[in-house]
Structure formats: C-alpha cells, structure tokens
Amino acid sequence: MNVLVVGSGGREHALVWKLRRDPGVQKLYCAPGNAGIAQLADLVPVNQADTNSLLTFARQERIDLTIVGPEQPLTAGIVDRFESHDLAIFGPSQSAARIEGSKVFAKDFMKRNGIPTARYKRFSVSEIHEAESFIQTLHLPVVVKADGLAGGKGVIICETQKLAIDAVQSMVLDKVFGNAGERVIIEEFLEGEEASVFVLTDGSDFVTLPPAQDHKRILDGDLGRNTGGMGAYAPAPVVTEKIKRLIEEEVVVPTLEGMRKLGTPYRGCLYCGLMLTEEGVKVLEYNCRFGDPETQVVVPLVEGNLGEILLSVAKGKLDPRSVAPSSSSAVCIVVASEGYPDHYEVGKEITGLQAAADDIDVVVFHAGTNQHGGKVLTSGGRVLGVTAIEKNGNLEKAIGKAYRATEKIAFEGAYYRRDIGRKALNRLKVTADTQ
Ligand code: AMP
Ligand code: GLY
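Residues numbered from 1 in each chain as written. Chains lettered and ligands numbered in written order. Predicted model: local features only at pLDDT ≥ 70, side-chain atom pairs only at ≥ 80, totals over all residues. Heavy atoms only, no water.

A. Local environment of the overall build of the protein. When its secondary structure is counted, the protein shows 14 helices and 23 strands. Its C-alpha atoms give the protein a radius of gyration of 21 Å, within 12% of the compact-globule value 22 Å for 435 residues. Along the three orthogonal principal directions, the C-alpha set of the protein runs to about 60 × 50 × 50 Å. When contacts within the protein are restricted to residue pairs at least 6 apart in sequence, long-range pairs at least 24 apart make up 68% of them. (Helix = DSSP H or I, 4+ residues; strand = E, 2+ residues; numbered from the N terminus. Rg over C-alpha atoms; globule rule 2.2 N^0.38 Å. Contact = heavy atoms within 4.5 Å.)

B. Structural view of the pairing of strand E9 (residues 183-188). As paired strands, strand E6 (residues 120-124) and E9 are joined by 5 bridges and run antiparallel to one another. For Arg122, the partnering residue across the bridge sits in E9 and is Ile185. Inspection of the sheet shows strand E7 (residues 142-146) paired to E9 by 5 bridges, in the antiparallel sense. Residue pairing across strands places Val144 opposite Ile186, the latter belonging to E9. (Pairing = 2+ DSSP bridges.)

C. The arrangement of the site of ligand 1 in detail. Close to ligand 1 lie 15 residues, the nearest being Glu187, Leu190, Glu194, Lys216 and Glu285. Contact distances for ligand 1 include 2.7 Å between a nitrogen atom and a side-chain N or O atom of Glu187. Contacts to ligand 1 include Glu285, whose side-chain N or O atom sits 2.7 Å from an oxygen atom. Expressed as a share of its isolated accessible area of 470 Å², the protein-covered part of ligand 1 is 90%. Looking at the shell around ligand 1, the elements that each hand over two or more residues are E7, strand E8 (155-158), E9 and strand E17 (280-287). Looking at the shell around ligand 1 residue by residue, the class counts come to 8 nonpolar, no polar and 7 charged. (Near = heavy atom within 4 Å. Polar contact = N/O pair within 3.5 Å; in protein donor to acceptor, adjacent residues only side chain to side chain. Areas by Shrake-Rupley, 256 points an atom, 1.4 Å probe, with all protein chains shown as cover. Nonpolar A, V, L, I, M, F, W, Y, C, P; charged D, E, K, R; others polar.)

D. View of empty space enclosed by the protein. Enumeration over the complete set of coordinates arrives at 1 cavity of 30 Å³ or more. Of the pockets and cavities examined, the largest cavity occupies roughly 70 Å³. Together, Ile99, Glu100, Lys103, Ala106, Lys107, Met110, Lys145, Ile185, Glu187, Leu284, Glu285 and Tyr286 line the largest cavity. Only helix H5 (98-101), helix H6 (103-112), E9 and E17 provide two or more residues apiece to the lining of the largest cavity. Considering every element that reaches the lining of the largest cavity, the biggest residue donor is H6, with 4 residues. Grouping the amino acids of the lining of the largest cavity by side-chain chemistry returns 6 nonpolar, no polar and 6 charged. (1 Å grid on protein atoms, 1.4 Å probe; cavity = no way out; pocket = protein on both sides within 12 Å on 5 of 7 lines; lining within 4 Å. Points joined across faces, edges and corners; volume = space filled by probe spheres on them.)

E. Summary view of the nonpolar core. With 72 residues, the main nonpolar core has Ile99, Leu274, Tyr286 and Val331 as its most contacted residues. Sort the elements by how many residues they give to this core and helix H13 (residues 395-407) lands first, with 6 residues. Within the second largest apolar cluster, 46 residues are counted, among which are Leu19, Val297, Ile309 and Ile389. (Core = buried A, V, L, I, M, F, W, Y, C linked by side-chain atoms within 4.5 Å. Buried < 20%, exposed > 50% of the residue type's maximum accessible area, 1.4 Å probe, protein only.)

F. Focus on the pattern of salt bridges. Per the stated rule, a full pass over the model turns up 24 salt bridges. Across the salt bridge formed by Lys175 and Glu182, the nearest N and O atoms sit 3.2 Å from each other. Here Lys175 falls in the partly exposed class, since its relative accessible area comes to 35%. A network of salt bridges, in which partner residues are shared, links Asp222, Arg417, Asp419 and Lys423. (Salt bridge = Lys/Arg side-chain N within 4 Å of Asp/Glu carboxyl O.)

G. Local environment of unusual backbone geometry. Here Ala31 and Pro32 are connected by a cis peptide whose omega angle stands at -5 degrees. By the element assignment, Pro32 lies in strand E2 (residues 28-32). A cis amide bond, omega 15 degrees, links Asp292 with the succeeding residue Pro293. Relative to the helices and strands, Pro293 resides in the loop between E17 and helix H10 (295-298). Positive phi outside glycine occurs at Asp86, with the angle close to 60 degrees. Residue placement: Asp86 occurs in the loop between helix H4 (78-84) and strand E5 (89-90). Phi is positive for Lys175, which is not a glycine, with a value near 55 degrees. Inspection of the secondary structure puts Lys175 in the loop between helix H8 (161-172) and E9.

Have a look at this one:
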C-alpha cells in the first residue's frame with residue numbers, strides 16, 4: 001500500500017520509521033516532514049493545514065492510507081473530507097475530534113458518561129462574576145483551561161485566587177488565545193502521577209498500547225515551565241496490569257460507548273491523559289491523536305505491521321489480536337533549543353547524528369530540523385528525540401544508552417533534561433525492595 005503521513009515532528013518521524021518496517025508499505029510520503037523523515041520517506045512540500053492540496057496529492061498518487069499526526073487538521077475536518085472522496089484516513093472525524101478541540105465538550109461528555117475527572121465548572125464572558133465566586137470555593141492551586149486549541153499553552157495552574165481570576169480574564173476578556181478562550185473551564189487541582197495511555201480503536205474494538213509517561217516541565221525534578229514534552233518512556237511501571245484494566249473499564253469503554261451514543265463513533269488513536277490519584281484514575285484531558293514525545297517510545301513497542309493495523313482502524317475492522325504484547329522498553333530524551341519553551345534561535349548546525357545512531361538500539365527521531373546544503377539545521381524548539389529501545393525490557397539500560405547517544409550530539413544551545421525515566425527507576429527499585 002501507499003501511505004501518506006501528515007505532520008513534521010518527532011511523532012511523525014517515529015510513525016514513518018515504523019511504517020518503513022512494514023513489508024506491506026510500498027510508497028511512503030510525508031507532508032511536510034523534516035530532515036530525519038527525508039531519509040525514510042519522500043517529502044511532500046505541502047503544509048499540514050492545507051487539506052485541499054493534501055487531498056489532491058492523495059488522489060493523484062493513489063494513496064491507500066493517510067495518517068494524520070497533529071490535532072489541527074483533525075479538528076478542522078480533514079478526515080471527513082478524505083472519506084467523502086472514499087480515501088482511507090487514520091484519525092477521528094471532526095465531530096469526534098471535539099474530544100480534544102473543545103475542553104467544554106470533553107468535560108461535559110465525561111460528566112454525562114460518569115467518566116472520572118476533576119470537579120469543574122464552565123464559564124463564558126457573561127459569567128465572569130460567577131467564575132470569580134466559583135474560584136473562591138476551590139482549594140489552591142486552581143486550574144484554568146481555555147476551551148479550544150491553544151498550542152499546549154491553554155492550561156494555567158494558579159497558586160492564588162487572584163492569579164486564577166486574572167487567568168480567566170485574560171482568556172475571556174483579553175482573548176489572549178483568541179476564540180479558543182471564549183469559554184473556560186475552571187477545575188480542581190489533582191495530585192498524583194501522570195500517565196499517557198493511547199488506545200487504537202475503530203469505534204467499537206480497541207487495543208491499549210503500552211502506557212507511557214511524558215516529562216512536561218523544562219527542568220529536572222519536574223520544575224520550571226510547561227513544555228510540549230521533554231522526554232518519555234514506556235511502559236510506565238506506575239500503570240500496573242490492575243490499573244490498566246481499571247483505565248479500560250472506567251475510561252476507555254465508557255468513552256467509546258459515549259461517542260457511539262452521540263452518533264460520532266471515535267476512530268483513530270484516543271490519547272487519555274490521566275492522573276493516577278489516591279482516589280483512583282482521573283482523566284486530565286483527551287487528545288484526538290498520538291502524543292509527542294510519547295509516540296517515540298510507544299510506537300517502537302508495537303509488535304505488528306503498523307500500516308496494516310492503522311488501515312484496519314481506518315476501515316472500521318480492527319482485530320485487537322493483530323497487536324501483540326511487547327516485552328521491550330523504550331526511552332526518549334528530547335534535545336531542545338536553549339530558551340525553549342519561550343524564545344529560541346533556529347538555524348544551528350547539528351553534528352554527531354551519525355555517531356549517536358551507531359548503537360543499533362538507538363534511533364534519533366527528528367522533531368524540528370531541516371536540511372540545507374548537506375547540513376542538518378535546527379528549525380524548532382524541540383529539535384531531536386534520542387530514543388533507545390531495549391528488547392529485554394530493561395529500562396535502566398535503555399536510559400543509559402539514550403544518554404550516551406545524546407552526549408554525542410551537539411549544536412549551539414542544545415539543552416536536555418538529565419533525569420528522564422528516573423521516576424520509573426525509583427518505582428521499580430521500591431517494588432524490587434519490597435518483594
Ligand atoms: P492538559 O492540556 O489538560 O493535559 O493540561 C496540561 C497539563 O497541565 C497536564 O499534563 C497536567 O500536568 C496539568 N494539569 C491539567 N489539569 C490539571 C489538574 N486538574 N490538576 C493538576 N494538573 C493538571
Ligand atoms: N505529550 C503531550 C501531547 O502530545 O499532547
């Protein structure tokens with residue numbers, strides 16, 4: 001089959017890398033891709049938001065399956081457009097993508113369907129005073145969320161009531177996130193450990209992929225600003241078999257059922273962002289796509305032919321047995337540009353990419369790179385995802401390999417966290433000590 005991947009980050013590189021290993025995949029394209037993806041797929045110089053051009057390309061090149069990485073094309077309705085032309089495409093319809101596109105939709109949906117999540121209320125511009133009163137009833141910190149897509153910046157954790165009120169005002173009155181902030185969610189702060197669980201589903205059948213853990217903060221020890229994700233590992237030992245079953249029973253099954261009842265069955269990858277609290281599992285958010293950087297550690301653990309599996313999802317014929325359980329572990333260290341997540345420079349030459357990938361268990365996924373005159377240059381805040389995969393599942397070894405490879409890479413202002421996976425190692429050690 002001929003496959004088109006839409007997007008240009010580490011997530012898309014990981015998908016392309018896995019698709020290259022699927023003997024059923026002949027031609028492989030990526031729009032617009034990056035310098036790393038260019039080594040495995042033909043790049044198509046079309047922006048991910050340009051649905052018309054993507055559709056024309058898919059028809060001309062007889063693409064059998066299009067796989068959409070980022071959320072924007074999904075919430076803009078790319079799946080509906082492709083399907084109306086009888087083209088198979090992996091991802092939810094525009095209606096189903098509201099699960100990520102509107103936090104108001106997602107929270108109301110969870111409430112109606114009894115899916116555990118933080119206590120909340122929603123407010124719009126005419127309800128500012130009610131919002132202020134509600135904030136007074138919550139313990140600190142208070143979480144304020146813009147309803148729509150805000151490029152990962154729409155969640156503000158407020159340490160004082162004044163900051164929470166300011167956050168609401170900046171969203172609904174000053175419109176710092178444009179229309180995305182016309183409505184807001186105010187909710188209680190949840191304590192616990194986070195986990196990202198991806199479910200592949202054709203609307204009724206589903207398979208849960210190995211649970212992962214992201215590292216959202218910029219600094220070691222989970223300190224500093226929130227980012228798109230500074231590293232990840234999978235499987236995350238915090239999600240035991242028992243907790244995984246709970247997640248399926250309390251979150252996944254009711255979510256898929258609820259979406260079917262609405263007449264908008266969810267098809268694609270359902271990303272459940274979870275907080276494992278003392279009271280049980282709670283949903284922080286849903287995403288309508290694979291997560292990044294988590295995909296860089298989850299996709300290498302998928303045992304099976306990825307193209308075939310995702311095509312079966314797109315066609316509504318997923319056989320959960322086509323995805324076998326994996327005994328490997330993977331860890332990804334994100335190498336970012338100095339200054340990220342705020343201002344950073346681009347265009348820096350990257351060296352050591354070849355040397356880093358010398359170890360056969362290491363893959364360097366590109367997140368923000370482009371090629372210029374034979375050189376690979378930085379082009380984004382998150383630049384690379386250095387990923388190590390250990391077949392025997394030894395996470396400690398995987399972490400060691402990933403860091404040794406990362407040290408070989410250099411560009412001006414390269415920055416990465418030194419503690420990716422440490423939480424998992426501590427947990428594994430405690431478990432071993434108590435046995
Ligand atoms: P979201 O985009 O909703 O996942 O939020 C981004 C990040 O904010 C999450 O990954 C959490 O780290 C944090 N967060 C969101 N909602 C809450 C909450 N209710 N309690 C604690 N942390 C939260
Ligand atoms: N890793 C967080 C996300 O993909 O949204």
